[in-house]
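# Descriptive structure summary
Residue-level listing of the chains:
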Amino acid sequence: MTSHAQFPPASTTDYLTLDVVTKRYGGKAVVKGVSLSVARGEVLTILGPSGCGKTTTLKMIAGFLEPDDGSVSVDGARVDKLSSHQRGAAMVFQNYALFPHMTVRRNVAFGLRMQRKPAAEIAREVDAMLARVRLSEFAERYPRELSGGQQQRVALARALIIRPKILLLDEPFSSLDAKLRKQLRSEFLEIHRNFGITSVFVTHDLEEAFAISDRVAVMNTGVLEQFGSPTEIFSRPRTRFVADFVGHKNIFTGEAVASADGGSVLAADGLSIRLPAAASGEVDVSIPVHRVRVSRTALDTGNAFRGDVETVAYLGPVVQTTVLVGATRIESYLSASPELETLRSGDKVEIGWDVEDAVVIPGAGPA
Ligand SMILES: Nc1ncnc2c1ncn2[C@@H]1O[C@H](COP(=O)(O)OP(=O)(O)O)[C@@H](O)[C@H]1O
Ligand SMILES: [Mg+2]
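Residues numbered from 1 in each chain as written. Chains lettered and ligands numbered in written order. Predicted model: local features only at pLDDT ≥ 70, side-chain atom pairs only at ≥ 80, totals over all residues. Heavy atoms only, no water.

### A look at the overall build of the protein chain
Within the protein chain, the secondary structure is distributed over 9 helices and 20 strands. Principal-axis analysis of the C-alpha atoms gives the protein chain an extent of 75 × 45 × 35 Å. When the 367 residues of the protein chain are sorted by exposure, 51% land in the buried category. Restricting to contacts in the protein chain with at least 6 residues of sequence separation, those with at least 24 account for 65%. Approximately 17,000 Å² of the protein chain is accessible, and the part contributed by carbon and sulfur atoms is 51%. Separation between the mean location of the 42 positive side-chain charges and that of the 42 negative ones in the protein chain comes to 9 Å. (Helix = DSSP H or I, 4+ residues; strand = E, 2+ residues; numbered from the N terminus. Buried < 20%, exposed > 50% of the residue type's maximum accessible area, 1.4 Å probe, protein only. Contact = heavy atoms within 4.5 Å. Areas by Shrake-Rupley, 256 points an atom, 1.4 Å probe, with all protein chains shown as cover. Lys, Arg positive; Asp, Glu negative; His and termini not counted. Charge placed at Lys NZ, Arg CZ, Asp CG, Glu CD.)

### Here's the deal with the sheet that holds strand β3 (residues 43–47)
Reading across from one edge, β6-β7-β8-β3-β9-β10 is the order of the 6 strands in this open sheet, with mixed pairing throughout. Each end of this open sheet is capped by a strand with a single partner; those strands are β6 (89–92) and β10 (223–228). Here the strands of the sheet are splayed against their neighbours by 15 degrees on average, with no regard to which way each runs. As defined by bridge partners, β6 adjoins strand β7 (residues 166–170) across 4 bridges and the pair is classed as parallel. When the bridges of β7 are listed, A90 appears paired with L167. In the packing of helix α1 (residues 54–62) onto the sheet, contacts are made with β3, β6, β7, β8 (198–203) and β9 (215–220), and the angle to β7 comes to roughly 160 degrees. Sheet contacts for helix α5 (residues 178–194): β3, β7 and β8; angle to β8, the most-contacted strand, approximately 160 degrees. (Pairing = 2+ DSSP bridges. Axes fitted to C-alpha atoms, helices over the stretch in contact; angles between N-to-C directions.)

### Some words on helix α2 (residues 104–114)
Of the residues making up α2, those classed as buried are V104, N107, V108, A109, G111 and L112. Of the surrounding elements, those touching the buried residues of α2 are α3 (119–132) and α4 (148–160).

### Quick word on the layout of surface pockets
Empty space among the atoms becomes visible once a probe the size of a water molecule is rolled across them. Approximately 450 Å³ is the volume attributed to the second largest pocket. What lines the second largest pocket is a set of 19 residues, among which A90, F110, G111, R158 and I162 lie closest to the centre. Within the residue set of the lining of the second largest pocket, elements represented by two or more residues are β6, α2 and α4. The element best represented in the lining of the second largest pocket is β6, accounting for 4 residues. Broken down by class, the residue content of the lining of the second largest pocket amounts to 14 nonpolar, 4 polar and 1 charged. (1 Å grid on protein atoms, 1.4 Å probe; cavity = no way out; pocket = protein on both sides within 12 Å on 5 of 7 lines; lining within 4 Å. Points joined across faces, edges and corners; volume = space filled by probe spheres on them. Nonpolar A, V, L, I, M, F, W, Y, C, P; charged D, E, K, R; others polar.)

Quick look at the structure:
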């Protein structure tokens, strides 16, 4: 299987492209035939669990590692043999990697000093950059005198000062607390737009990936599982791994048999579930938690079952429930309503969903 066969060919607007890139360490491939691309000015996020090959992929884009197979192109030209600087890339690391013995000003000036620019010009550009990332008042401080979020902004400023065309960020916010992460997420997006750069962002955090990205590449054990927009990844997961990773809960695996109406019926966990498309053989099907309906009265949905409420969590705007249909647990996550708010554990309910809401997970292989 070549994973790139699953995806549409790169569009003409693509700026940065990886074409069937493989990286091996001691004969073992840790990145296996990954193909992905990002358009100028977009944010691409590489999402996946620890050890799946995100950093290795990013380093090949950055020019810190050379692929064993495949190619990296920028603006239509191969850049595999070019340095980071030559390909216009700058990288921001998870641990900031600031120079501890240098002030903020000197940290940010570093790239320009390496370019041997005149001191007056460096001072002017550094002042302008510090103002743009709102760090002017911290210019004379040392990294240890700054919060984690401020240090990360210094790291961003230091990367941006050389005016990169491509900004690469390796889990830049993962050592910060949740609130600060959200704040820096929007600061990053603002900087990304203002500087007109193309960004490749690495994270293992689903919400962060979905919130900032135009395109998401989901990786698992060196393989690209799916490449698409956040909505495509969430609403049409191509593999069981992606469905689980993006948080699908109600996944049924069973034997499907085509039915006369053009759809099919899946036998799974003792339930007969009507599916919108013709399917046969073993399939995985997901019912998104926000599509499931729960009611004390009969439902008119294409799939409906009698069940017992197991748990109810009232979360303000939404109500989260689990309902047992026989031994099968079905989760829902629904807008609060007067009826749902009165549900209690042990209540008899009807649970169901429309036939079209079932998502058939195609599995690995050509589309
Ligand atoms: N220099 C190296 N030598 C050998 N194996 C490596 C090296 N760098 C990374 N790996 C292995 O490659 C795999 C992917 O690593 P990495 O790209 O850092 O993953 P991620 O960033 O997704 O956590 C891991 O199994 C890791 O142990
Ligand atoms: Mg990593």
